[in-house]
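Listed here are the chains, written in short residue letters.
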Amino acid sequence: MAQRYGGKYSPQGTPRTGPDLSDARTIPAHRRPDTRHPEEGRPFWIVAAALPFLLGAFGEGPFALARALGAFALIAGAAWTIREGLRAEFAYVARAAARRPAFPRKIVGSVLYGIGLALGAQAPELGMIGAGAIGVIGTIISLVAFGLDPMKDKGMEDIDPFQQERVARVVKEGEAYLTQMRSAITPSGERVLISRVDQFATTARDLFRAVEEDPGDLAQARRYMTVYLEGARDATVKFADLWRNTRDAKARDDYAALLDDLEANFTARTKKMLEDGREGLEIEIEVLRDRLAREGVAAANGRE
């Protein structure tokens, strides 16, 4: 479906707001211009390179057919597994505190890729050893190209595992609502509204990251991450259905205003949580200074 163009200088356009994206390295992963792993599209070329196995599967007898089809299936499965590993890695990098992926998808995908190459490369002149060597080389090349999966948790040293698990469940629920919002608004073809939904999702993820860094804030933010996001999802679905049937301009304006209100509330909630955390840090610093001062006086009196 064609999308209506929209932007800062377009009719009915809205100016983009947000952080300066000139140096993406200094910006959290969920706020970068490309909100996915930069290598996520590369596994496609693995499948494309394996097409000769599929094209040459016919005319050489049933054994050669089964071997070629099996090799292509393994390589295609490896590409899918590696892509899922890249997505899991991106989600891991985007969070200040995260557990390592439970299943090492990139490593397993690389091994499957090597097995697929070894199976497809079997020929009388190569033998089993030659085919195995090709498989090992393919596995190594894949691991070098895509890297290893994250192998350890990060930012969770002083966090209660039970509390962190609660936060992870709520964040997962909130992410599902954001995904459903995006899926509902995309068929409308309204580029400005799609962009606004993406912008709101980024703002909501700022709140997610703040709660992940301080799970004690979950009680304050839970309503935003569940009830409000569920309501936003429902409103998006209803608007998308109405827009598809009526193209009601007032409904479009009302929905855009709703997104503005939601973003303002989420931004205010995140700011309040960060300010509370900063205030708590300042209090602890003052207490520490007083304690050090008292100990300094006591030490001085002891020397007298």
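Residues numbered from 1 in each chain as written. Predicted model: local features only at pLDDT ≥ 70, side-chain atom pairs only at ≥ 80, totals over all residues. Heavy atoms only, no water.

**Overview of the side chain of Asp-149**
Selection rule: Numbered from the N terminus, helices here are DSSP runs of H or I no shorter than four residues, and strands are runs of E no shorter than two. To sort residues, take the accessible area from a 1.4 Å probe on protein chains only and compare it with the maximum for the residue type: under 20% means buried, over 50% means exposed, and anything in between is partly exposed. Two residue types count as positive, namely Lys and Arg, and two as negative, namely Asp and Glu; His and chain ends fall outside the count. By definition, a salt bridge exists where a carboxyl oxygen of Asp or Glu is found within 4 Å of a side-chain nitrogen of Lys or Arg. Under the rule applied, a polar contact is a pair of N or O atoms within 3.5 Å (in protein, one hydrogen donor and one hydrogen acceptor; residues adjacent in sequence only if both atoms are side-chain atoms). In this description, contact between two residues means that some pair of their heavy atoms is separated by no more than 4.5 Å.
Tracing the backbone shows Asp-149 in the loop between helix H5 (127-146) and helix H6 (161-185). Buried and unpaired, Asp-149 has no salt bridge, with Lys-106 as the nearest side chain of opposite charge at 5.5 Å. A polar contact is formed between the side chain of Asp-149 and the backbone nitrogen of Ile-107, at a distance of 3.0 Å. Setting aside anything within four residues of it in sequence, one finds Asp-149 in contact with Gly-85, Pro-104, Arg-105, Lys-106 and Ile-107.

**So, H5**
What counts, and what does not: How far a helix is expected to stretch is found by multiplying one less than its residue total by 1.5 Å.
Counted at 1.5 Å a residue, the expected span for H5 with its 20 residues is 28 Å, and the 29 Å between its end C-alpha atoms agrees. Looking at the residues trailing H5, positive phi occurs at Gly-147, about 80°.

**Some words on the pattern of salt bridges**
As enumerated under the stated definition, the model contains 15 salt bridges in all. Note that Asp-260 is salt-bridged to Arg-196, the shortest N-O span being 2.5 Å. With a gap of 64 residues between them, Asp-260 in helix H9 (residues 249-303) and Arg-196 in helix H7 (residues 191-213) connect regions that are remote in the sequence. Overall, Asp-260 belongs to the partly exposed group, its relative accessible area being 41%. A salt bridge links Glu-212 to Arg-209, with the nearest nitrogen and oxygen atoms 2.8 Å apart.

**Quick look at the packing of helix H3 (residues 62-94) against helix H4 (residues 105-120)**
Describing two packed helices takes the angle between their axes plus the distance from one axis to the other. Keep this limit in mind: Angles here are taken between N-to-C directions and fall from 0 to 180 degrees, while the axes themselves are lines fitted to C-alpha atoms, restricted in helices to the stretch in contact. Angles below 35 degrees are treated as roughly parallel, those above 145 as roughly antiparallel, those between 65 and 115 as roughly perpendicular, and all remaining angles as oblique. Put simply, a crossing is left-handed when the front helix is turned counterclockwise from the back one by less than a right angle, and right-handed when it is turned clockwise. Charged means Asp, Glu, Lys or Arg here, nonpolar means Ala, Val, Leu, Ile, Met, Phe, Trp, Tyr, Cys or Pro, and polar covers whatever is left, Gly included.
Here H3 crosses H4 at 165°, and the two axes come no closer than 7 Å. As summarised for this structure, H3 and H4 are arranged roughly antiparallel, according to the angle between their axes. Crossing hand, H3 versus H4: left-handed. Residues of the contact of H3 with H4, tallied by class, amount to twelve nonpolar, seven polar and five charged.

Limitation: the analysis is restricted to geometry and does not speak to function.
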